[in-house]
Structure formats: structure tokens, C-alpha cells
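Take a look at the letters that make up each chain.
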Amino acid sequence: MKCRVAIWASVGFLIAGCWVVYTFVTPPESLGLNLRQPVVQAALNLTCPISYFMLHYPISWRMFLLINAATYAVLGLIFEVFRLKSKPSLAA
């Protein structure tokens, strides 16, 4: 189960990393317009729950990566616990 939770955290880190690369590659004058488009905003909010707090609190990109990885790790832990509970037990 530890390995699965680590995979969840890695996925969260990679997704946030893709968003960080997107913001670094996009020119600053069009970045604000791109991030305010409904489709981009919905994708950002679904894949990076920490982005809700970025509107009110400034977060560095390093903390953005770590917090998103931690969020995915917690979600993965919850998912894995429910997955294990739903399996039928083999003990007779």
C-alpha cells in the first residue's frame, strides 16, 4: 500500500510540474488570459486542488509542487483504504 500511495504522490507531483512548465513556457502577457479561460481554469482546479488557494495566498512553484503531491498522497491513501476494505477477506 505504501508503494501505491507513493505512486499517487508522484502523479500529483508530475501533474503540478506540467502546470509549472506551462506557466514558464507561456509568455507573461498571455498567461493571465489563458489561465482565465473556463476550460483551462476547470482543468487546473480539477487536477491541482491547491490552485483554489492561490487566488488569495501567493505560493511559490516549489511549494505548489509539494502541496499538490501531498494532496494526491492523502487522496490516494483514502482511495487505497477504501479499496482494501471493499475486497472480500480470504480468512475463513
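The notes below deal with the structure included here.

The rules behind each value
Residues numbered from 1 in each chain as written. Predicted model: local features only at pLDDT ≥ 70, side-chain atom pairs only at ≥ 80, totals over all residues. Heavy atoms only, no water. Helix = DSSP H or I, 4+ residues; strand = E, 2+ residues; numbered from the N terminus. Polar contact = N/O pair within 3.5 Å; in protein donor to acceptor, adjacent residues only side chain to side chain. Contact = heavy atoms within 4.5 Å. Buried < 20%, exposed > 50% of the residue type's maximum accessible area, 1.4 Å probe, protein only.

## Let's talk about the side chain of Ser51
For step 1, the next point in the chain: Of note, Ser51 is situated in the loop between α3 (38–47) and α4 (61–86).
For step 2, the next point in the chain: Within the structure, the side chain of Ser51 is placed 2.8 Å from the backbone oxygen of Cys48, a separation counted as a polar contact.
For step 3, the next point in the chain: Filtering out sequence-adjacent residues up to four positions away, Ser51 remains in contact with Leu44 and Asn45.

## Topic: the side chain of Asn45
For step 1, the next point in the chain: Here Asn45 shows up in helix α3.
For step 2, the next point in the chain: Assessed through its relative accessible area of 16%, Asn45 is described here as buried.
For step 3, the next point in the chain: Only 2.9 Å separates the side chain of Asn45 from the side chain of Ser51, close enough to count as a polar contact.
For step 4, the next point in the chain: In contact with Asn45, other than residues within four places in its own chain, are Ser51 and Tyr52.

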